[in-house]
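Observations on chain architecture
Spelled out, the chains give:
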Amino acid sequence: MPPSKTGIDVLLKEERIFHPPKDLVEQTHVKKWMDAHGIKTYEELLEKAKDLEWFWGEISKELVGWSKPYTKVLEWNPPWVKWFLGAEYNIVCDALDRHVKSWRKNKVAYIWEGEPGDREKLTYAELHGKVCQAANALKSLGVKKGDRVGIYLPMIPELPIAMLACAKIGALHSVVFSGFSAHALRDRVNDSEAKVVITCDGFYRRGKTVPLKKQTDEALQQAPSVEHVIVYKRTGGEVSWNEKRDLWWHEVVDGQKKTCETEILDANDFLYILYTSGTTGKPKGVVHAHGGYAVGTAFTLKWVFDLKDEDVWWCAADIGWVTGHSYIVYAPLILGVTSVLYEGAPDYPKPDRWWSIVERYGVTVLYTSPTSIRLFMRYGEEWPAKHDLSSLRLLGTVGEPINPEAWMWYYKHIGGERCPIMDTWWQTETGSFCISPLPITPLKPGSATRPLPGWTADVYDEEGKPLVNQGGNLVLLTPWPAMFRGLYKDPERYREVYWSKYPNVYLAGDVARIDRDGYFWIQGRADDVLNVAGHRIGNSEVESALVSHEAVAEAAVIGKPHEVKGEAIVAYVVLKRGVEPTEKLREELRGHVAREIGKLARPEEVWFVSDLPKTRSGKIMRRVVKAVVLGKPAGDISTLSNPEAVEEIGKAR
Ligand code: WT7
């Protein structure tokens, strides 16, 4: 059994059950769908949905309009999947084109608020026009079907506009989170061989401006594939300019035609690449395809958050992560709902910024992460109490296990004890929710409840035997529509990371337990990947950032439970011979990691040691470092070549 993570003990004791309000259940999409299909109970629904071809065929009917119908729902040649074979399609047909031909034309797609307080509403028609203009601009620069476009933008409307523009012409977008550093951008742009990069001069964060163009310039010093950079003017700050390469957005986009033919593709053609951290080496380029992704994301949003036309949906994530790709951009647009988009920090200028947004726009469904909830918990309930949050009817959480205390606080102080909380488990790779309640599901605080209809999940021991009420490896046994289609240009790594441990079974990389009611309790990552503020960061990435500093010889990085962030990064560093371990150097190393990867990865603690625990073959044993830091027994250290190093780790703190 993989090592247990902290938090399990608390979760094991959690026995409260929250039943959904009856009147809410009656109104839900899932209940209506069950009635229409003569399905009486949820168990029966789960059973019926095991016929994947039937279920997804039925579901797809009400969500997407194929340009040419499919001939087969599913082809599963593990580990390779195809959905809706033979169909011709482009996700933009459903996300935009369809709406401008309907009454939704004048419905608001995005309500945007910038950090300084600027506000804007974009209707479906306006959004469509802007996307067409951006698509025409990309075409004018020679971007074609199958080309890759890097997008490095903050939470401004131009980010979804740029993504949809790529999709419209059949190019793949590769969005890089605007909180990532120049180096992170460089690696992703090079791996995806982007032809064009779209960025802005800068953006607002906590009242300051972040110079994004400057970071882009630094990144692109070593990016031979990039022919052009389109720069949106957000702050009006000074930028340096490369005449041959750089173009202002307002010069290249604003004059374009507001119509653009959508490129009709094969439903299995790729939509985007999004990089996520792994245990070793460079980030993994997760690839998603048009057709299955459209069905999978729209279905899950519709059923789990039960969105209706009058809803105001706020997925308060950043579009730079998969949460935003699926549930700020594609799924809400396919469903034709109104979404809130906010640029800035959650507690700026005051800790009630979010609650003022909920009140101002009458947000009805709010989706966020345990990290944010814990942040607000620390500020205290007086901040949400200043605002009328009665418009809310459902809440959601994602990114890491939610501790029952945070769940209860969210339930009480944000949801006014009337809003069920949808704890959705999923990953960049899964593209959509997999394990999650529906609004009809009885809830246990801290559990993502059960696999959704259409999914089969289990928990396996090392040999692949199912475990009941014991921690083990979380696996998914059958394919799902929004499933990733591989790692960009790396089929071997795809097989190795996800499909090699158990034959034909997807290994999620999480430790979980299934209780006697069949409820899943996700306990954290099984591999050496940190979960900081709800996002994955590879221990090895932080280590290699540290080692790239001239003073550092070796480094070991581990995660330690953190009140707000979930996990905090703790680094043990061996300095090069002759380098003095000073307080100044410690700060410098923290800053160095922030520059190399992004602020998210800045180590909370840096400790200097003369040696790290290693196996005889020279492999650093993080497990041992972690045990010492957490004050747990170091376990079997008989394979260590230098047991004295263990003691030094303990003393260094
Ligand atoms: C990892 C995926 C999917 C969007 C955000 C992160 C953890 C995600 C939950 C949840 C417990 C969760 C898992 C997973 N995780 N949702 N509801 N309960 N853990 O995407 O960066 O691909 O990370 O986040 O460890 O493997 P990601």
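Residues numbered from 1 in each chain as written. Predicted model: local features only at pLDDT ≥ 70, side-chain atom pairs only at ≥ 80, totals over all residues. Heavy atoms only, no water.

**As for the domain arrangement of the protein chain**
How we decide: Each domain's limits were defined by an automated method or a database of domain assignments. A contact between two residues is defined here by any heavy atoms of the two lying within 4.5 Å. Take the accessible area each of two parts loses on contact, using a 1.4 Å probe, and add the two losses: that sum is the buried area. Salt bridges are defined by distance alone: a side-chain nitrogen of Lys or Arg within 4 Å of a carboxyl oxygen of Asp or Glu. Distance and chemistry together define a polar contact, namely a pair of N or O atoms within 3.5 Å, with one atom able to donate a hydrogen and the other to accept it when in protein, and with adjacent residues in sequence counting only for side-chain atoms on both sides. Only runs of H or I of at least four residues qualify as helices and only runs of E of at least two qualify as strands under DSSP, and these elements are numbered from the N terminus. Amino acid classes used here: Ala, Val, Leu, Ile, Met, Phe, Trp, Tyr, Cys and Pro are nonpolar; Asp, Glu, Lys and Arg are charged; the rest, including Gly, are polar.
Domain parsing of the protein chain yields domain 1 (22-93 + 288-523), domain 2 (124-266) and domain 3 (529-652). The distance between the C-alpha centroids of domain 1 and domain 2 comes to 28 Å. Between domain 1 and domain 2, the residue contacts involve 32 residues of the former and 31 residues of the latter. Buried surface at the junction of domain 1 and domain 2, summed over both partners, amounts to about 2700 Å²; 61% is from carbon and sulfur atoms. If you sort the residues of domain 1 by the area they bury against domain 2, Val92, Glu343 and Tyr488 come out on top, with a joint share of 23%. Where domain 1 touches domain 2, the interface holds three salt bridges. As a salt-bridge pair, Lys489 and Glu193 come within 2.9 Å of each other at their nearest N and O atoms. At the junction of domain 1 with domain 2, the criterion picks out eleven residue pairs in polar contact (both at pLDDT 80 or more). Secondary structure elements with two or more residues in the side of domain 1 that touches domain 2: β3 (88-89), α6 (91-100), α13 (322-335) and β17 (338-342). Ranked by the residues each element gives to the side of domain 1 that touches domain 2, the list is headed by α13, at six residues. Split into classes, the residues belonging to the side of domain 1 that touches domain 2 amount to 20 nonpolar, seven polar and five charged.

**Quick word on empty space enclosed by the protein**
For the record, the criterion: Lining residues are defined by having an atom within 4 Å of a point belonging to a cavity or pocket. Those points lie on a 1 Å grid over the protein atoms alone, cavities being sets where a 1.4 Å probe fits but cannot get out and pockets being open sets with protein on both sides within 12 Å along at least five of seven lines. Grid points are joined across faces, edges and corners, and a volume is the space filled by probe spheres set on the points.
Applying the stated rule across the entire model yields three cavities of 30 Å³ or more. Counted as a void, the largest cavity has a volume near 50 Å³. Considering the residues around the largest cavity, the lining is formed by Phe180, Arg188, Ser277, Trp321, Arg536, Ile537, Glu541, Ile597 and Leu600. Its residues assigned to classes, the lining of the largest cavity comprises five nonpolar, one polar and three charged.

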